[in-house]
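Examining the three-dimensional arrangement
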Amino acid sequence: MEDENVQEGLTFGEICRMMLHRIWYILGAAALVTVFAVLIVYFAVNPGARSYSMEFTLAFPTGSEYSYPDGEPFFYQSMVSAEYLNKAKAGEGLSGINTDRMIRDNKISVSAETVTENGETKYTGRYTITAKSSYFSGAEQAEAFIRAIANAVEQDMHDRAGLVSYAVSEETFRSAPFEERLNLLAQERETLLDKYDQWIEVYDGAYRPKGENTPTLKESRAAVTALFGESVQEELENELKAGGYYYTADAEGSTEKFDAYKASLKAEYDRNKTEIEELRNTGTAAQSVAYTSFPAAVQTLAATSSTQKEGGNIIVEQPALNVSQRLAELIERNANILHWLGSAYLEESVATEIEATLTAQKNTAFAQKLDAELAKLTNEAAKLTDVTKAVYERGMRARFDVQRAETEGGVSIILVAVAAFVIAFLVACCVVYAVDRNRKRNLVQPTDKGEAQPEEPKQE
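Report on the accompanying structure. Computed from a predicted model, the values in this text were never measured in an experiment.

**As for the packing of helix 7 (residues 178-202) against helix 14 (residues 360-395)**
- In contact at an axis separation of 10 Å, helix 7 and helix 14 are set at 20 degrees when each is read in the N-to-C sense. The orientation of helix 7 relative to helix 14 falls into the category roughly parallel. By crossing handedness, the relation of helix 7 to helix 14 is classed as left-handed.
- Taken together, the residues of the contact of helix 7 with helix 14 break down into 16 nonpolar, two polar and eight charged.

**Remarks on the state of the cysteines**
- Counted by the stated rule, this structure contains zero disulfides.
- Among the cysteines around Cys-429, which has no disulfide bond, Cys-430 carries the closest sulfur, lying 6.9 Å off.
- The exposure class of Cys-429 is buried, given its relative accessible area of 13%.

**Digging into the side chain of Thr-214**
- With respect to the secondary-structure elements, Thr-214 resides in the loop between helix 7 and helix 8 (217-225).
- Apart from the residues within four sequence positions on either side, Thr-214 is in contact with Arg-208 and Glu-219.

**Overview of the packing of aromatic side chains**
- On inspection of all chains with the given rule, the structure shows 16 aromatic pairs.
- For the ring pair Phe-60 and Phe-74, a centre distance of 5.4 Å and an interplane angle of 55 degrees mean the geometry is tilted. Within this pair, whereas Phe-60 is found in the loop between strand 1 (51-59) and helix 3 (82-88), its partner Phe-74 is found in the loop between strand 1 and helix 3, the two being separated by 14 residues in sequence. The same class applies to Phe-60 as to Phe-74, namely buried.

**Comments concerning unusual backbone geometry**
- Of note, Asn-213 is a non-glycine position whose phi angle comes to about 60 degrees, a positive value.
- Relative to the elements of secondary structure, Asn-213 occurs in the loop between helix 7 and helix 8.
- One non-glycine residue, Glu-347, lies in positive phi territory at about 60 degrees.
- By the secondary structure assignment, Glu-347 is in the loop between helix 13 (343-346) and helix 14.

**With respect to the pattern of salt bridges**
- Throughout the structure, instances matching the rule amount to 24 salt bridges.
- Notably, a salt bridge pairs Arg-221 with Asp-197, separated by 2.6 Å at the nearest N-O pair. Of this pair, Arg-221 sits in helix 8 while Asp-197 is found in helix 7, placing the two residues 24 residues apart along the sequence.
- Judged by relative accessible area, which is 31%, Asp-197 ranks as partly exposed.

**Some points on the side chain of Lys-262**
- Note on placement: Lys-262 falls in helix 10 (residues 256-286).
- The side chain of Lys-262 sits in the buried core without any salt bridge; Asp-259 is the nearest counter-charge, 5.1 Å away.

**A look at a nonpolar patch on the surface**
- Together, Ile-414, Val-418, Phe-421, Val-422 and Leu-426 make up a nonpolar patch on the protein surface, roughly 460 Å² of accessible area in all.
- Inspection of the secondary structure assignment puts Phe-421 in helix 15 (residues 413-452).

**Focus: the environment of Met-79**
- Inspection of the secondary structure puts Met-79 in the loop between strand 1 and helix 3.
- On the basis of relative accessibility, which here comes to 0%, the residue Met-79 falls in the buried class.
- Linking Met-79 and Tyr-127, residues 48 residues apart in sequence, is a C-alpha distance of 10.0 Å.

**Topic: the nonpolar core**
- Ranked by size, the top nonpolar core spans 79 residues in total, and within it Leu-58, Phe-74, Met-79, Ile-108, Phe-136 and Phe-145 carry the most contacts.
- When neighbours within four sequence positions are excluded, Phe-136 is seen to be in contact with Tyr-52, Ile-97, Met-102, Ala-131, Gln-141, Ala-142 and Phe-145.

**Some points on the environment of Arg-271**
- Mapped onto the elements, Arg-271 comes out in helix 10.
- For Arg-271, a relative accessible area of 53% translates into the label exposed.

**Some points on the packing of helix 9 (residues 230-243) against helix 14**
- Between helix 9 and helix 14, the least distance of the axes is 11 Å, while the angle of their chain directions is 160 degrees. Of the possible angle classes, the one that applies to helix 9 and helix 14 is roughly antiparallel. By crossing handedness, the relation of helix 9 to helix 14 is classed as left-handed. For the pair formed by helix 9 and helix 14, the contact residues are Val-232, Leu-236, Glu-239 and Leu-240 on the first element and Phe-366, Lys-369, Leu-370 and Glu-373 on the second.

**Overview of the pairing of strand 1**
- In terms of burial, strand 1 is largely enclosed, as seven of its nine residues are buried.
- Here strand 1 runs beside strand 7 (residues 397-400); their pairing, made up of four bridges, is antiparallel. Counterpart to Phe-56 in the pairing with strand 7 is Phe-400.

The rules behind these values
Residues numbered from 1 in each chain as written. Predicted model: local features only at pLDDT ≥ 70, side-chain atom pairs only at ≥ 80, totals over all residues. Heavy atoms only, no water. Axes fitted to C-alpha atoms, helices over the stretch in contact; angles between N-to-C directions. Helix = DSSP H or I, 4+ residues; strand = E, 2+ residues; numbered from the N terminus. Parallel < 35°, antiparallel > 145°, perpendicular 65-115°, else oblique. Left-handed = near helix turned anticlockwise from the far one by under 90°. Nonpolar A, V, L, I, M, F, W, Y, C, P; charged D, E, K, R; others polar. Disulfide = S-S within 2.5 Å. Buried < 20%, exposed > 50% of the residue type's maximum accessible area, 1.4 Å probe, protein only. Contact = heavy atoms within 4.5 Å. Phe/Tyr/Trp six-rings, centres within 6.5 Å; stacked < 30°, edge-to-face > 60°. Salt bridge = Lys/Arg side-chain N within 4 Å of Asp/Glu carboxyl O. Lys, Arg positive; Asp, Glu negative; His and termini not counted. Patch = residues over 30% accessible without salt bridge, like charges linked within 9 Å, V, L, I, M, F, W, Y side chains within 5 Å. Areas by Shrake-Rupley, 256 points an atom, 1.4 Å probe, with all protein chains shown as cover. Core = buried A, V, L, I, M, F, W, Y, C linked by side-chain atoms within 4.5 Å. Pairing = 2+ DSSP bridges.

Okay, here's the thing in structure tokens:
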């Protein structure tokens, strides 16, 4: 009875010997659980929670002004647009990245560093692109992709710089009247000079954007200064005024519209001539005749001249000032038309025949002079485009301060592995201990029962 109540126990040493006896089973189970835990975290947990990010700086040749070569503002958010992401994935080993889904799920973003100076917030040109790790095969692919985005922005700036045009549209120029053409030429010259001034302000007049043995910015600007200067512009304006040249949209070789313009000038000359005679007669009569009513020709004259009333009559003392002005204006205008069309065309009898300046040949020759000035400025505009492209190619750069992408979020694989192994090891030890203890009890129990209940002797 006493033996049945004895509780069997195990010492620590016996437990250790038990674990050592089953150590390979324990280690195998712990290792297997650790592998499963690591795989689950690596492929299921971390991809949804972990992100890769890289910082870089975009150095613009325009200094603190962030814009495209044509002046369009640069918004840093566009770096993670479909345009740049698709350009980036065209790189080697990046074609498998699902950029469409990345954009749709909003799993990529860009942030800009700012500083506050005198209460004003300014961008520093430093940016950080962050993307979820689930879209990449690993950190190396993420690094290559983010670099490709920055390089795509840089290359886009270079390409746009080579396409920006500072020249006047030839179609616009040729459809404009001669007076407007002169204005367009002057504006074109100022545009080129202003752009060179901007580059010189950012760099220096001695800077050679296209490398050694090429013109400096100052030299390139001087070449523009020599074109269509104030003296040339004034000379052409005077020639236009004196010659009476007129732009028409006649087809090449046709003078139909030009002839119609000359005919309209002749008709204007005849009308002006008639009005001049009327005004002269009106002015003479107005000085000596008292009117009891207002003839139509002198109503304006009487209304604006000094008058006296005598017995209800209005006496005009002198021609009104506007009549004199109108008369002078008409005389000057007809003198110009006579000079432009010539006395023969107007059928005017003059002491000395006046040769016409407004002829189809001279009109065309003047247009060709303007075209020649435009060609010179267009040539300089093309050179300015080359300068702008060279400036962007040398000055527009994406610079990475760090060479590897940083990992954010997720769970440490090493920590998961250690924790999983320790927990699995302890659980395996407990399982082994429980199994061996039960097995031992099962082996001991039948023996105890046999000793407690001996077999009864057989009856004879």
